[in-house]
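Here's the letter readout for the chains.
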Amino acid sequence: LNASLICFDHNGNNFVRRRENEKLNVKITKKTEFDCGSVMVFGMFSSQGTSPLVRLQTRVNVQVYNNRLEGIVLPNIVKSGVLNPIFMQDNATSHKAKTAQDLEVIDWPPKIPDLNPIENLRKTLGAKVMARNPINTEDLWMKLQEEWAKITVEDCQRLIRSCERRCTAIIEGKGLFTTKY
């Protein structure tokens with residue numbers, strides 16, 4: 001049998017499992033496009049809530065990321081009053097910035113979205129915004145800000161508390177993706 005398998009998760013998302021070196025079958029995949037355009041943003045969260053959401057006008061490189069760290073991350077950490085904070089990032093190439101080395105950064109594997117709670121927050125935020133059918137990039141930006149503002153401290157704390165369960169699920173799955181996160 002040489003067929004891909006379509007899987008559905010508990011949120012109604014579709015996933016395709018295929019054999020190594022097997023091409024994606026166009027009969028069982030679908031392209032997603034949004035006519036409203038795109039907006040690149042930077043935001044962070046902690047156990048005390050979210051930072052301001054910042055609209056980026058350029059792709060993120062080390063310089064842009066350093067600017068966000070110095071302008072958003074470090075002031076929010078100082079403002080929080082948390083002693084000895086630990087910083088988590090998703091280990092994108094641009095996130096290897098020198099300023100991040102001034103913080104205690106979790107040694108976190110790159111490109112494993114199941115482990116990173118910001119990925120869940122990003123997915124939830126995106127779904128809520130797209131459900132509101134933005135019509136252009138300005139409308140998209142406005143709705144992103146509105147939905148970001150609705151994220152509660154409790155939402156953030158729940159995501160942080162989920163980290164241990166995420167790690168356990170990945171270990172139990174022998175390093176493969178999980179269906180829950």
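Residues numbered from 1 in each chain as written. Predicted model: local features only at pLDDT ≥ 70, side-chain atom pairs only at ≥ 80, totals over all residues. Heavy atoms only, no water.

Draft legend 1. Here's a closer look at the side chain of Ser 162. By the secondary structure assignment, Ser 162 is in helix α4 (residues 153-172). A polar atom in the side chain of Ser 162 sits 2.5 Å from the backbone oxygen of Leu 159. (Helix = DSSP H or I, 4+ residues; strand = E, 2+ residues; numbered from the N terminus. Polar contact = N/O pair within 3.5 Å; in protein donor to acceptor, adjacent residues only side chain to side chain.)

Draft legend 2. Main features of the state of the cysteines. Under the defined criterion, the tally for this structure stands at zero disulfides. For the unlinked cysteine Cys 167, the closest cysteine sulfur is that of Cys 163, found at 6.6 Å. (Disulfide = S-S within 2.5 Å.)

Draft legend 3. Region of the structure containing the packing of helix α2 (residues 117-131) against helix α3 (residues 137-149). Where α2 meets α3, the closest approach of the two axes is 9 Å, and the angle between their N-to-C directions is 125°. It follows that α2 is oblique to α3 by the angle criterion. In the packing of α2 onto α3, the handedness of the crossing is right-handed. In this structure, α2 uses Leu 121, Leu 125, Lys 128, Val 129 and Met 130 to contact α3, whose residues at the interface are Leu 140, Lys 143, Leu 144, Glu 147 and Trp 148. (Axes fitted to C-alpha atoms, helices over the stretch in contact; angles between N-to-C directions. Parallel < 35°, antiparallel > 145°, perpendicular 65-115°, else oblique. Left-handed = near helix turned anticlockwise from the far one by under 90°. Contact = heavy atoms within 4.5 Å.)

Draft legend 4. Local environment of the environment of Arg 59. Residue position: Arg 59 is located in the loop between β6 (54-56) and α1 (62-80). Put simply, Arg 59 and Met 40 are 19 residues apart on the chain and 7.8 Å apart in space, counted from C-alpha to C-alpha.

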